[in-house]
Amino acid sequence: MSTSQQSTAVSASQPCLDCSRKSRCLGGLLVEGMPADQAATVAVTRMVVDKGEHLYRADDKADYLYVVRGGALKTYVSSIDGNEEIRGFHLAEEVAGLDAICQPSFRSSARALSRTWVCRLPITAVRSRMLESGSFRDRILANLGREFDRLNGMLHRERCTADQRVASFLVSQLKSDQTDEHAEIQLPMSRVDLARYLDLATETISRVFTRLQARNILRSRGAVCEVVDGDALRALA
């Protein structure tokens, strides 16, 4: 474990084998179909990261991929003047640290927005499994594809209005199995962090949410947003 990580390993004994989420989780797919003796050599480890602590920092050795089981992370880089430039947010069942696949060290830092539970997957096992399993490789590529979509959205953002930026972000947070109407979107990040991510002022974020609620597009309840009119939200995005 990197010395920068303020986290606790809570299990290292094949946690994927008895996990209720293994059918839809990258960790479960990592050991799926493996002979028991081979699966026993894949040291997937569960960890807890307290709010405000780092899972990893930029330039740490990239030995693992991380699957969020609960809680939330933000990834960021530090600008020349010391400010955080937020690269993304990672919620339950999402993967952080994808740069470990092709880089020896992490390019960004990951900090917990709340108490967060993660599973760490050894990158050596991930690379080997990509060669052995087409379904595992496809899952990795799907995660990389979502990362490329997010980066493309960041490049496109400067041509968008504040309302479009917020709407596009909210649409991106909808789960694939959710219907648009009355879907709930978890927003564990602060308005300050969301503003930094969308390159807007914090006050602008608040005004956009007020406008969207006035138009009956969504209802905001603290860290949860309920989509009232999904068609209108997608049209705005």
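Residues numbered from 1 in each chain as written. Predicted model: local features only at pLDDT ≥ 70, side-chain atom pairs only at ≥ 80, totals over all residues. Heavy atoms only, no water.

A. Region of the structure containing the pairing of strand β4 (residues 64–70). For β4, the tally of buried residues reaches six of seven residues, placing the bulk of the element in the interior. Here six bridges tie β4 to strand β9 (residues 116–122), and the two strands are oriented antiparallel to one another. Paired with Val-68 across the bridge in β9 is Val-118. (Buried < 20%, exposed > 50% of the residue type's maximum accessible area, 1.4 Å probe, protein only. Helix = DSSP H or I, 4+ residues; strand = E, 2+ residues; numbered from the N terminus. Pairing = 2+ DSSP bridges.)

B. Inspection of the sheet that holds strand β11 (residues 218–221) at higher detail. Read from one edge to the other, the open sheet built from three strands follows the order β10-β12-β11, with strand pairing classed as antiparallel. The open sheet has two edge strands, β10 (184–186) and β11, and neither has a second partner. Across the sheet, the mean angle from the axis of one strand to that of its neighbour is 20 degrees, orientation sign disregarded. Packing of helix α7 (residues 202–214) onto the sheet brings it into contact with β11 and β12 (224–227), and relative to β11 it is tilted by some 130 degrees. (Axes fitted to C-alpha atoms, helices over the stretch in contact; angles between N-to-C directions. Contact = heavy atoms within 4.5 Å.)

C. Representation of helix α5 (residues 162–172). Counting buried residues in α5 gives eight out of 11 residues, a clear majority hidden from the surface. When α5 is considered as a whole, its buried residues turn out to be Ala-162, Asp-163, Arg-165, Val-166, Ala-167, Phe-169, Leu-170 and Val-171. Where α5 is buried, its residues contact β6 (84–90), β10, α6 (191–198), α7, β11 and α8 (230–236).

D. Here's a closer look at the sheet that holds strand β5 (residues 73–78). On the basis of which strands lie adjacent, the open sheet formed by four strands has the order β3-β8-β5-β6 and antiparallel pairing. At either margin of the open sheet sits one strand with a lone partner, and together these are β3 (54–56) and β6. Each neighbouring strand pair of the sheet contributes to a mean axis angle of 30 degrees, computed without reference to strand direction. Its contacts with the sheet put α6 on β5 and β6, and the angle it makes with β6 is roughly 105 degrees.

All we've got here are geometric facts, nothing functional implied.
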